[in-house]
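Reading the structure
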Amino acid sequence: MDFTSRINPVVAGMKPSGIRRFFDIAFTMENVVSLGIGEPDFVTPWHIRDAGIYSLEKGNTMYTPNPGLPELRKAIARYQQRRFDLHYDPEEVLVTVGGSEAIDLAIRAFVTPGDEVIIPEPCFVCYGPIVRLAGGVPVALPTMSEDSFRINPTRLKAAITEKTKILIVPFPNNPTGAVMRKEHLEEVAKICVAHDLIVVSDEIYGELTFGNQRHVSISSLPGMRERTIIVSGLSKSHAMTGWRIGYALAPKEAIAPMNKVHQYAIMCAPIMSQYAAIEAIENGDDDIAMMAEEYDRRRMMITDELNRMGLPCFEPEGAFYVFPDIRSTGLSSEKFCESLLYAERVAVVPGDAFGASGEGFVRCSYAYSVQNITIAMERIKRFLDTL
Amino acid sequence: MDYDKLLWIIEQDSRLSAAQLAGMLGGTKEEVETKIKEFEENKTILGYKTIVDWDKTDREIVTALIEVKVVPQRGEGFDRVAARIYQFPEVDSVYLMSGGFDLMVLIEGKTMKEVALFVAQKLAVLDSVSATSTHFVLKKYKDKGVVFDEEKMEDKRTPMV
């Protein structure tokens, strides 16, 4: 069978992720210090793991209802109200296999061939390929360091056409660490209402904002709840990546078609993970605080060190990434990462892996121990001295 | 700068440099150095120690928890008795307890015999001590938040996309 010639041209056209390239090289080398991985370095807190184990002991090994265990949907609704002052009924919650599945559902349930989806860049790499798979057209909306990598309303307006159906709002942002506060979202929200756009708000890093202001969801702004699909999950907030629990929050009319796709493609999220997620959501607020505090001091340290060695960092206010500007070195992002890896064995990710507007920057994750970050900083400094 | 946070951070890891701490807390290296010196002088910071798993070495060490019942003497109370006990260099910790006994004494010795002799000859003979009960530690699993013998956590994370 000649599979190759029969590959879906959209799949054949998918480029390998630029995040992966350097990992693949790094894996062949010894003594590499990585700031590459975008995943918490904490193990899931014990009481949550224990709840997962207990659910297995009790013999919970079946499917659950497609949209998730009713107790979990209720718990998520209560949690969103408690933490973010968002009001959703349990019927407006769809439990998914990670936030990634929720993104996939939100796009596939609504995008038809030719529909345009506006994607602010730099951003996580999954939106474009999923839109293309649905026959849609991803439209990049560059965000700029001079705008602190927030959506610029003027640029947004210019990107909208009559084919625009969805705007992705990925904040707190991977890879820049940018956040959009209420005052930054207001203008964007008005534009979405005026053009009757669906908004997919990816809030997976919503618990990781630093300073005194909590994350504000665009769905809380006037006219937005009815048109917003919030995507979130427990991976980043509770260090539960491997459990694969995410969810979507949206009006019932949006959840229903997403659940149809979910029902056929996935059926349901794993039951033991759902029970662990109930424990995490009901009793895990202290864990979130502990991890956020730890990320915050690493964030302060790494930003300070990078600035002092002459790689200016816009101050990241969310997620666990810094996005230093490397243009003063005269190297492209790609070349910088490659040379750094070969010369000093430090793995970071080129900014353009997250969209063309990330060129001139690199992503450093601080989901690493202070010791690891310290060694990486020493090596980067030594690398800069040789340029 | 949040000084409670400074203390909390160095309580976890006292080997971070002043420059690193300044970066984490948003201040200057000098400010951190001055403040730490002040904490040392006013005895908020009492010392810096290392957590050692002696089982990994040739050195024999025996740890015992001793429950001590005390008859407080007029004008002395528990504090004086505690002071008489904690003066012994063998004594690692002394706590005043609620419940069935009064003082909890942790001691370390080279051998069980050495510990037993200490209890018999130095502790039990104190006028205020009415009874002791010695429990030897057979194995330490976790101490001061650190798990002993834990498998070294390697970074098992893999890039996803």
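Owing to the predicted nature of the structure, the values given are computational and were not obtained by experimental measurement.

Of the regular secondary structure elements, chain B holds five helices and six strands. Helices and strands in chain B line up, N terminus first, as α-α-α-β-α-β-β-α-β-β-β. Relative to a compact globule of 161 residues, whose C-alpha radius of gyration would be 15 Å, chain B shows 21 Å and is clearly more extended. With the C-alpha coordinates of chain B rotated into their principal frame, the extents come out at 65 × 40 × 30 Å. Counting all 161 residues of chain B, 30% fall into the buried class. Residue pairs in contact within chain B that sit at least 24 positions apart in sequence constitute 60% of those at least 6 positions apart. If you sum the accessible surface of chain B, you get close to 11200 Å²; carbon and sulfur atoms cover 51% of it. Of the charged side chains in chain B, 23 are positive and 29 negative, and the gap between their average positions amounts to 3 Å.

According to the stated counting rule, one finds 13 aromatic pairs over all chains in the structure shown. Taking 5.2 Å as the distance between ring centres and 45° as the angle between the ring planes, the aromatic pair formed by Y295 of chain A and F320 of chain A counts as tilted. With Y295 of chain A in helix α11 (residues 285–308) and F320 of chain A in the loop between α11 and β9 (321–322), this pair connects stretches of sequence that are 25 residues apart. Taken individually, Y295 of chain A and F320 of chain A each receive the classification buried, so the pair is uniform in this respect. Aromatic rings pair up to connect F42, Y205, Y295, F320 and Y321 of chain A into one cluster. Here K35 of chain B stacks its cationic end above the ring of F39 of chain B, 5.2 Å away from the centre of that ring.

For the rest of this paragraph, the subject is the domain arrangement of chain B. Examined at the domain level, chain B breaks down into domain 1 (3–41) and domain 2 (54–138). Just the C-alpha atoms count here: the centres of domain 1 of chain B and domain 2 of chain B sit 35 Å apart.

What follows covers helix α2 (residues 18–25) of chain B. Of all eight residues making up α2 of chain B, seven are buried, and the element is well covered by its neighbours. All of the buried residues in α2 of chain B are A18, Q20, L21, A22, G23, M24 and L25 of chain B. Next to the buried residues of α2 of chain B lie α11 and α13 (370–385) of chain A together with α1 (3–12) and α3 (29–41) of chain B. Just downstream of α2 of chain B lies G26 of chain B, where phi reads positive at about 70°.

Our focus in this paragraph is the sheet that holds strand β8 (residues 246–249) of chain A. Backbone hydrogen bonds hold the strands of a sheet together, and the pairing may be parallel or antiparallel. Residue and element names in this part refer to chain A. Reading across the sheet, the seven strands line up as β2-β8-β7-β6-β5-β3-β4 and stay open at both edges, with mixed pairing between neighbours. If you trace the sheet from one side to the other, it starts and ends with β2 (93–96) and β4 (137–142), each paired once. Adjacent strand axes in the sheet meet at a mean angle of 20°, parallel and antiparallel pairs treated alike. Looking at chain direction, strand β3 (residues 116–121) and strand β5 (residues 164–169) are connected through three bridges and run parallel. Note on β5: the bridge partner recorded for E116 is T164.

All names here are of chain A. Buried residues dominate β5, accounting for five of its six residues. In the sheet, β5 pairs with strand β6 (residues 198–202) via four bridges, with the strands oriented parallel. The residue of β6 that forms the bridge with L167 is V199. Crossover handedness for the path β5 to helix α8 (residues 182–194) to β6: right-handed.

Right, let's talk about the pairing of strand β2 (residues 91–96) of chain B for a bit. Residues and elements named next belong to chain B. Here β2 pairs with strand β3 (residues 103–109) via five bridges, running antiparallel. Of the residues in β3, the one forming a bridge with S93 is L106. Between β2 and the antiparallel strand that follows it, β3, lie six residues; G99 among them carries a positive phi value of about 105°.

On to the pattern of salt bridges, then. The full count for this structure, using the stated rule, is 33 salt bridges over all chains. Between R327 of chain A and D325 of chain A there is a salt bridge; the shortest N-O distance is 2.7 Å. Between K37 of chain B and E41 of chain B there is a salt bridge, with its nearest N and O atoms 3.5 Å apart. Here K37 of chain B and its partner E41 of chain B are both found in helix α3, four residues apart, which amounts to about one turn of the helix. What makes E41 of chain B exposed here is its relative accessible area of 59%. The structure contains a network of salt bridges with shared partners spanning R82, R83, E207, R214 and D285 of chain A.

Glancing now at the environment of A26 of chain A. Residue and element names in this part refer to chain A. With respect to the helices and strands, A26 occurs in helix α2 (residues 18–27). Measuring from C-alpha to C-alpha, the distance between A26 and A347 comes to 6.9 Å, with 321 residues separating the pair along the chain. Beyond its immediate sequence surroundings of up to four residues, A26 is in contact with V32, L341 and A347.

Cut-offs used in this document
- In every chain, residue numbers begin from 1 and rise along the written sequence.
- To read the labels, note that chains go from A and ligands from 1, taken in the order they are written.
- Given that this is a predicted model, residues contribute local features only at a pLDDT of at least 70 and side-chain atom pairs are listed and counted only at 80 or more, while totals for whole chains, interfaces and linings are drawn from all residues.
- Hydrogens and water are ignored here; the side-chain numbers use all heavy atoms of the structure.
- Secondary structure elements are defined from DSSP: runs of H or I of at least 4 residues count as helices, runs of E of at least 2 residues count as strands, and each element is numbered from the N terminus.
- Taken over C-alpha atoms, the radius of gyration is set against a globule rule of 2.2 Å times the number of residues to the power 0.38.
- Each residue is placed in one exposure class: buried if its accessible area under a 1.4 Å probe, protein chains only, is under 20% of its type's maximum, exposed if it is over 50%, and partly exposed if it falls in between.
- Residues count as neighbours in contact if any of their non-hydrogen atoms are within 4.5 Å of one another.
- In these tables, accessible area is a Shrake-Rupley quantity obtained with a 1.4 Å probe, and a residue counts as shielded only by the protein chains included in the view.
- Charge assignment in this entry is limited to Lys and Arg as positive and Asp and Glu as negative, and neither His nor the chain termini are counted.
- Taken as the charge centre is NZ of Lys, CZ of Arg, CG of Asp or CD of Glu, depending on the residue.
- Two rings from Phe, Tyr or Trp (for Trp, the six-membered ring) form a pair when their centres sit within 6.5 Å of each other. Planes less than 30 degrees apart are called stacked, planes more than 60 degrees apart edge-to-face, and all others tilted.
- Remark: a charge is flagged as sitting over a ring if the NZ atom of Lys or the CZ atom of Arg is within 6 Å of the ring centre and within 35 degrees of the ring normal.
- An automatic or database domain assignment is the source of the domain bounds shown.
- Note on pairing: two strands pair once DSSP finds at least 2 bridges between them.
- Axis definition: a line fitted to C-alpha atoms, limited for helices to the stretch in contact. Angles are taken between N-to-C directions and run from 0 to 180 degrees.
- For a crossover, the right-handed case is the one in which the path from the first strand over the helix to the second runs clockwise, viewed with the strands pointing away from the viewer.
- Take a side-chain nitrogen of Lys or Arg and a carboxyl oxygen of Asp or Glu: if they are within 4 Å of each other, that pair is a salt bridge.

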